[in-house]
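# Structural description and commentary
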Amino acid sequence: MAAPDGQPNLSQLFSDLNRAGQAGDFNKALKIATKILKQDPHDEKAYHCKVVSMIQLGQFNEVIRFMGGNYKLSDPLKFERAYCLYRLNRTQEALEVIKKIPEPDYRIKELLGQVLYRLEKHDECLELYRDLIRNSQDEFDEERETNLAAVVAAAQMWGGKELEDYGLRESTYELSYNAACSQLSKGNVKGAEEKLQKAEELCRQNLEEDPEVTEEDIEAELGVLKTQRAYCLQLQGQNEEATKIYNQVLKSRPTDVGLTAVASNNIISLNKDQNVFDSKKKIKSATAEGVDQKLTKQQLRDIAFNKCLLQMYTNQNEACRKLAKSLQEEYPDQDMPLLIQAAQLCREKHRQKAVELLCDHINNRPNPSITMKLTLAQLHLNQGNAGQAAEVLQSVGELRYKPNMVSTLVNLYSSMENIEGAAEVLDTTVNWYKENHPSSPYLAQLMRASSQFKLKHGQAQKATEILEELRSMNPDDVKTIAQLISAYSQCDPKKGEEISKELPPLDPSFFSGLDIEALEKAAMTMGTRKKAAKAAAGTAGGDKADSPVEETKDSVIVQKKKRRKKKGKLPKNHDPSVTPDPERWLPIRERSYFKGRRKRKQKDGVGKGTQGATAGAASDLDASKPQVTPSSPRAGASGSSQSAPTGASGTAQPEMVGPRQQKPQASSKKSKKKKGGGKNKW
């Protein structure tokens, strides 16, 4: 075909396009391919070269639009279309395109493996990579083995599957990292940590050999390995060291949003309800744009749960409630959203609503989880409803037969004084172990506990039946025989005496070093010593036979010295001829002669009356006031006007004055109080 006027020949354009492709100049190749298509819009090679150039330049959206305009030319390019959809994270559409390819080659199978891995279809992906490794042999074998190791680790960690050992190598840091993930999924945290340390060493050695790789590039590549190792430390309880590594990784500002999200989320889980301001910053990084394309569904779910918990801890009640409800709709098989709602209600002091919420969930679910039931039982206990808590615990399936659960149920029923219910729990558990696990060591423990419980609550006959059965299981158990003797002593002493003959004799070494005669003498003389002590005390004290004595370690009787009582001190002005005041032990206010405190009158009435008046003269001239004698009544007198009583001889008896009234009068001089304060006080 001849070229139009002013345009280069097609052969020349194709020659330039070939040279640009070999040189890797895809911008130039794209321009040349566009020129060719202008001259010949139906040229398949030019069309294909333009699509490849756009893919190399990362123009995936443009490729999808460009291929949609010409179905005839784009239909053979299903691989390119599927690859662009995969890079645009439209993984399901990419899978549908690949399935339409009738005879996929190796490159399509490689892409299919990546698609299946991202869709978390681990079983199909595993079989695909095993087939690729068996039927191919080229320079990409090591990458395929690395991908197979990643699929195995993901299937074990996220799928919860137990896979066989495929004998994968650990020669590269990628293979060592995947091996560490496999160990982590099996619960071997320490082994995973060691493999991660080895992976870090291999990574640094490999990258340092390349002169074009900088230290920043090495640290960026080590970020994933360090974060996983910090997770291992976190699982082992080394939280401070784990937090330090997480912060170091985030400080390096990794370009991988998935790595940033995982490290930030793990820091949030370490902070818990503390350092919430730091957690609020980290949750933004954990939920940044593009994270959903880098992490698994389980990782995204955990981040969403942590975000909801953080809102609860920061008292964002309404936001927490809305997010928890949306998460419950998104993950209906998970308990965490509902547990968060119940916890939020408890924080708001609505415990009864929380109980109702959990009850509705348990009643409407065909198979409610044990976690929900245990949480409901705990809420009942917090409200003091032991009966309802026991009822919930009885419905936890086989978990109710665990020794710890049995102990909890027995204590709950005992606290309610429901002895029959507690005994029924023990009997039911023993029967269950007899039917399902007769060789379990828990059976003997539970039977022994049941016998002791019945013996404690007066059911000695039932206790002996259980102990007899326990004895038949192990006839040589001395502990069982001893307990059986103790039980028979309460219901059948003769039977207990017969069984006591089966006790083995004591070991002769038990008596070594013991002086039996000395012990017998000590026991026989114990009573006589006490009697002798009392007799000695009686002899020493005359008629006082109950005087205290004591016995020393050397059996020498020593009489205790009796303390002499000191005579009470009498007042200095005590007069033995005067009868003491009978009310002297009462407070002054409660005595019959107390008239209250008198108001302090100013001397000579200064400051009262009209100006120039004399208070004393006015009082003397007032005839209406009776004259008061200066003598005061005696203590304990009923009135002030009574005269002193006379005796038979007519002479006046002395007044009855108590010892408190006999004290000498205090000095009328008042001690001057010093004013407190320093120099600078007013």
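Residues numbered from 1 in each chain as written. Predicted model: local features only at pLDDT ≥ 70, side-chain atom pairs only at ≥ 80, totals over all residues. Heavy atoms only, no water.

## Points about the overall build of the protein
- Within the protein one finds 30 helices and 2 strands.
- Taking contacts inside the protein between residues at least 6 apart in sequence as the whole, the part at least 24 apart equals 47%.
- Accessible area of the protein: about 46300 Å², with a carbon and sulfur share of 50%. (Helix = DSSP H or I, 4+ residues; strand = E, 2+ residues; numbered from the N terminus. Contact = heavy atoms within 4.5 Å. Areas by Shrake-Rupley, 256 points an atom, 1.4 Å probe, with all protein chains shown as cover.)

## A closer look at a negative patch on the surface
- On the surface, Glu139, Glu142, Glu143, Glu174, Glu216, Asp217 and Glu221 cluster together into a negatively charged patch.
- Counting residues per element, the negative patch draws most heavily on helix H13 (residues 215-235), which supplies 3 residues.
- Structurally, glutamate 143 is set in helix H10 (residues 141-157). (Patch = residues over 30% accessible without salt bridge, like charges linked within 9 Å, V, L, I, M, F, W, Y side chains within 5 Å. Salt bridge = Lys/Arg side-chain N within 4 Å of Asp/Glu carboxyl O. Lys, Arg positive; Asp, Glu negative; His and termini not counted. Charge placed at Lys NZ, Arg CZ, Asp CG, Glu CD.)

## Focus: the packing of helix H12 (residues 189-208) against H13
- Two numbers describe how H12 lies on H13: the axes approach to 9 Å, and their chain directions differ by 175 degrees. By the criterion of interaxial angle, the relationship of H12 to H13 is roughly antiparallel. Within the contact between the two elements, H12 uses Val189, Ala192, Glu193, Leu196, Gln197, Ala199, Glu200, Cys203, Arg204, Leu207 and Glu208 and H13 uses Glu215, Ile218, Glu219, Glu221, Leu222, Leu225, Lys226, Gln228, Arg229, Cys232, Leu233 and Leu235. (Axes fitted to C-alpha atoms, helices over the stretch in contact; angles between N-to-C directions. Parallel < 35°, antiparallel > 145°, perpendicular 65-115°, else oblique.)

## Side note on the packing of aromatic side chains
- One pass over the structure, following the stated rule, counts 6 aromatic pairs.
- An angle of 10 degrees between the planes, with centres 4.5 Å apart, marks the rings of tyrosine 401 and tryptophan 432 as stacked. Residue tyrosine 401 is located in the loop between helix H22 (386-393) and helix H23 (403-415), and its partner tryptophan 432 is located in helix H24 (residues 419-436); the two are separated by 31 residues in the primary sequence.
- For tyrosine 401, a relative accessible area of 12% gives the class buried.
- Tryptophan 432 gets classed as buried once you look at its relative accessible area, which sits at 15%.
- Ring-pair connections join several aromatic residues into one group, and the members of that group are Tyr401, Trp432, Tyr433 and Tyr442. (Phe/Tyr/Trp six-rings, centres within 6.5 Å; stacked < 30°, edge-to-face > 60°. Buried < 20%, exposed > 50% of the residue type's maximum accessible area, 1.4 Å probe, protein only.)

## Overview of helix H2 (residues 26-39)
- Compared with the 20 Å implied by 1.5 Å per residue over 14 residues, the 20 Å span of H2 between its first and last C-alpha is a close match.
- When H2 is considered as a whole, its buried residues turn out to be Ala29, Leu30, Ile32, Ala33, Ile36, Leu37 and Gln39.
- Where H2 is buried, its residues touch helix H1 (10-23), helix H3 (44-56) and helix H4 (60-68). (Expected span 1.5 Å × (residues − 1).)

## Let's talk about the state of the cysteines
- Tallied over the full model, the rule gives 0 disulfides.
- Sulfur of cysteine 232: no disulfide; nearest cysteine sulfur belongs to cysteine 181 and is 8.3 Å away. (Disulfide = S-S within 2.5 Å.)

## Considering the pattern of salt bridges
- Counted by the stated rule, this structure contains 26 salt bridges.
- A salt bridge links lysine 282 to aspartate 278; the nearest nitrogen and oxygen atoms lie 2.7 Å apart. Of this pair, lysine 282 and aspartate 278 both sit in helix H16 (residues 276-286), 4 residues apart, roughly one helical turn.
- Taking relative accessible area as the criterion, lysine 282 reaches 13% and is therefore assigned buried.
- Salt bridges sharing common partners tie together Arg204, Glu208, Glu215, Glu219 and Lys226.

## Here's the deal with unusual backbone geometry
- One non-glycine residue, arginine 253, lies in the positive phi region at around 55 degrees.
- A positive phi angle is found at asparagine 315, which is not glycine, with a value near 60 degrees.
- You can see asparagine 315 is positioned in the loop between helix H17 (297-313) and helix H18 (317-330).

## Focus on the confidence of the model for the protein
- When pLDDT is averaged across the protein, the result is 81; 80% of the residues are at 70 or more.
- Under a pLDDT of 50 for its full length, residues 541-557 has, in the predicted model, 26 contacts with residues more than four places off or in other chains.
- Segment residues 627-682 is flagged for pLDDT under 50; beyond a separation of four residues in sequence, or across chains, it makes 32 contacts in the model. (pLDDT = per-residue confidence, 0-100.)

## Structural notes on the environment of methionine 372
- For methionine 372, the position within the fold is in helix H21 (residues 370-382).
- Under the relative-accessibility criterion, methionine 372 is labelled buried at 0%.
- Taking the C-alpha atoms as reference points, methionine 372 and aspartate 335, 37 residues apart in sequence, are found 7.1 Å from one another.
- With residues near it in sequence (within four places) discarded, methionine 372 still touches Asp335, Leu338, Leu339, Leu358, His361 and Ile362.

## Looking at H21
- An ideal rise of 1.5 Å per residue puts 18 Å on 13 residues; H21 measures up with 18 Å between its terminal C-alpha atoms.
- Along H21, the positions that sit buried rather than exposed are Met372, Lys373, Leu376, Ala377, Leu379 and His380. The buried residues of H21 occupy one face: seen down the axis, they fall within an arc of 160 degrees.
- Of the surrounding secondary structure, the elements contacted by the buried residues of H21 are helix H19 (336-347), helix H20 (351-364) and H22.
- Residue glycine 384 follows H21 closely and has a positive phi angle near 85 degrees. (Arc of directions from axis to C-beta.)

## Overview of the side chain of lysine 454
- Looking at the secondary structure, you find lysine 454 in helix H25 (residues 441-456).
- The class of lysine 454 is buried, set by a relative accessible area of 4%.
- Once you skip the residues sitting within four places of it in the chain, lysine 454 turns out to touch Ala423, Asp427, Gln459, Ala460, Lys462, Ala463 and Ile466.

## Some remarks on the nonpolar core
- Ranked by size, the top nonpolar core spans 47 residues in total, and within it Leu358 and Val410 carry the most contacts.
- Considering every element that reaches this core, the biggest residue donor is H24, with 7 residues.
- Counting residues in hydrophobic clusters, the runner-up holds 43 residues, among them Ile36, Ala82, Ile101 and Leu128. (Core = buried A, V, L, I, M, F, W, Y, C linked by side-chain atoms within 4.5 Å.)

## Examining the environment of isoleucine 36
- Position of isoleucine 36 among the secondary structure elements: in helix H2.
- Remark: the alpha-carbon pair of isoleucine 36 and leucine 17, spanning 19 residues in sequence, is separated by 9.5 Å.
- Sequence-distant contacts of isoleucine 36, that is, excluding residues within four places in its chain, are made with Leu10, Leu13, Phe14, Leu17, Asp43 and Ala46.

## Details of the side chain of arginine 229
- By secondary structure assignment, the location of arginine 229 is in helix H13.
- In this structure the side chain of arginine 229 is engaged in a polar contact, spanning 2.8 Å, whose partner is the side chain of glutamate 200.
- For arginine 229, the contacting residues outside a window of four places in its chain are Glu193, Leu196, Gln197, Glu200 and Ile245. (Polar contact = N/O pair within 3.5 Å; in protein donor to acceptor, adjacent residues only side chain to side chain.)

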